[in-house]
Amino acid sequence: MRIAILSRNRSLYSTKRLNHAARRRGHEVYVIDTLHVARQMGLLPKASGSRMPRRLPKVDAIIPRIGASITPQGVAVVRTFEVHGILTTASSEAIAQSRNKLESWQLMAHNGLPHPRTVLVSDPDELHSAIHEVSGPPAVLKILRGTQGRGVILAESVNIARTVLSILFRHGQDKVLVQEFIEEAEGKDRRLLIVDGRCVAAMERTAPEDDFRANLHRGATSRAITPDEQTEALAVRAAAVHGLGVAGVDIISSQRGPLLLEANSSPGLEGIESVTQVDVAREIVRYLERKGQAAGKLRNRR
């Protein structure tokens, strides 16, 4: 197959690993800047003083690596490829709804998936009742779009939460999620990498002493784990309801059992490959191959 990896930076670990894995399996691979594609497709204006990107190669499939900062443009690019019948490891709709924490929370709630108690706040006057509705304080405040722990704040009191909310609103946030703080998790969560309906790798992450967010980018430590059946089934279900064939699903332990935090459509591969020694990139490429084979069989029946 001719595969395009949509990435803003070809030197990123995940991009390099996917490129290498696809080439090793005999595919023709192109690494293309997502915003260059958007300009080529007319989805963005030409940058002032820059040359128009060269014509896009004809490809059979794409692997989108869409960063949070370019989600709208990235979603539009993936949608355009889909319209032309190009296979993708993540649909435009799945990327959009998994990236937006409100939409993701609504999906989980609608499908009865367990997650921390969550309330949407769009007015400062709603904050006090929202915090008590999630059994706080303390409570966690989250902006609707954010990755790697950015925009996630633990408020130890209502007064602190009010100050944080005021700052977020002044900086352009008009809606914020107020979420239950799971104290018994003790700063730990589990990241399960789901590919095509099964867990191919999993790790437990532990936050540094001065933080509650178990993000590797924020200094968390990690270890490889084999998740129990309940946790794995929950992660697989979360990926499915978000429409994601490839997902990094984050789960936290609580007295009520495992709870979902989020499903990531462009999970980083460096941390989980390093700690588990699993070739996740190869699993993603193999998933794309199976999609291609299934599409070919469908065309032959027609």
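Residues numbered from 1 in each chain as written. Predicted model: local features only at pLDDT ≥ 70, side-chain atom pairs only at ≥ 80, totals over all residues. Heavy atoms only, no water.

Q: Explanation requested: the overall build of the protein in the structure shown.
A: Assigned secondary structure in the protein consists of ten helices and 13 strands. For the protein, the C-alpha radius of gyration of 20 Å lies close to 19 Å, the compact-globule estimate for 302 residues. Over its C-alpha atoms, taken along the principal directions, the protein stretches across nearly 60 × 50 × 40 Å. Every one of the 302 residues in the protein was classed for burial, and the buried ones make up 50%. When contacts within the protein are restricted to residue pairs at least 6 apart in sequence, long-range pairs at least 24 apart make up 66% of them. Side-chain charges in the protein split into 43 positive and 32 negative, and the spacing between the mean points of these groups amounts to 12 Å. (Helix = DSSP H or I, 4+ residues; strand = E, 2+ residues; numbered from the N terminus. Rg over C-alpha atoms; globule rule 2.2 N^0.38 Å. Buried < 20%, exposed > 50% of the residue type's maximum accessible area, 1.4 Å probe, protein only. Contact = heavy atoms within 4.5 Å. Lys, Arg positive; Asp, Glu negative; His and termini not counted. Charge placed at Lys NZ, Arg CZ, Asp CG, Glu CD.)

Q: Which parts of the structure should I look at to understand the packing of helix 3 (residues 71–83) against helix 4 (residues 92–99)?
A: Packed helix pairs are characterised by how far apart their axes lie and by the angle those axes make with each other. Orientation of helix 3 relative to helix 4, taken along the N-to-C sense of each, is 160°, at an axis distance of 8 Å. One element, helix 3, and the other, helix 4, form an angle in the roughly antiparallel class. Classified by chirality, the crossing of helix 4 by helix 3 is left-handed. In contact with Thr 71, Val 75, Val 78, Arg 79 and Glu 82 of helix 3, helix 4 contributes Ser 92, Ile 95, Ala 96 and Arg 99. Tallied by class, the residues present in the contact of helix 3 with helix 4 amount to four nonpolar, two polar and three charged. (Axes fitted to C-alpha atoms, helices over the stretch in contact; angles between N-to-C directions. Parallel < 35°, antiparallel > 145°, perpendicular 65-115°, else oblique. Left-handed = near helix turned anticlockwise from the far one by under 90°. Nonpolar A, V, L, I, M, F, W, Y, C, P; charged D, E, K, R; others polar.)

Q: I keep staring at unusual backbone geometry and nothing clicks. Help me out?
A: Most peptide bonds adopt trans geometry, and most residues besides glycine take a negative phi value. The amide bond that connects Gly 136 to the next residue, Pro 137, takes the cis arrangement and shows omega of 0°. Counting through the fold element by element, Pro 137 comes out in the loop between helix 6 (127–133) and strand 6 (139–143). Omega for the bond connecting Pro 137 with Pro 138 falls within 30 degrees of zero, at -5°, which places this linkage in the cis form. In the Ramachandran plot, Gln 277 falls in the positive-phi region, its phi being about 65° despite a non-glycine side chain. Looking at where Gln 277 falls in the secondary structure, it is placed in the loop between helix 9 (270–276) and helix 10 (280–301).

Q: What exactly am I supposed to notice about the side chain of Ser 92 here?
A: On the secondary structure map, Ser 92 appears in helix 4. Residue Ser 92 is classed as buried on the basis of its relative accessible area of 5%. With near-sequence residues (within four places) excluded, Ser 92 lies in contact with Val 75, Val 78, Arg 79 and Glu 82.

Q: What should I look at first to understand the pattern of salt bridges in this one?
A: Between side chains of opposite charge, a pair can form when the charged atoms approach closely. The tally for this structure, following the rule as stated, stands at 16 salt bridges. For Asp 250, the salt bridge identified is with Arg 191, shortest N-O distance 2.5 Å. Of this pair, Asp 250 sits in strand 12 (residues 246–252) while Arg 191 sits in strand 9 (residues 188–195), placing them 59 residues apart in sequence. Here Asp 250 ties to Arg 205 by a salt bridge, and the two come within 3.2 Å at their closest N and O atoms. In this pair, Asp 250 is assigned in strand 12 and Arg 205 in strand 10 (residues 198–206), connecting sequence segments 45 residues apart. What emerges from the salt-bridge pattern is a single network uniting Asp 189, Arg 191, Arg 205 and Asp 250. (Salt bridge = Lys/Arg side-chain N within 4 Å of Asp/Glu carboxyl O.)

Q: Quick question: what am I supposed to make of the environment of Lys 188 here?
A: Tracing the backbone through its elements, the reader meets Lys 188 in strand 9. On the basis of relative accessibility, which here comes to 34%, the residue Lys 188 falls in the partly exposed class. Note: C-alpha distance between Lys 188 and Lys 101 (87 residues apart in sequence) is 20 Å.

Q: Please explain the environment of Val 29 as it appears in this structure.
A: Tracing the chain through its elements places Val 29 in strand 2 (residues 28–32). Take Val 29: its relative accessible area is 5%, and that puts it in the buried class. Once the C-alpha coordinates of Val 29 and Ile 3 are considered, the two residues, 26 residues apart in sequence, prove to be 4.9 Å apart.

Fair warning: the whole summary comes from geometry, so function is off the table for now.
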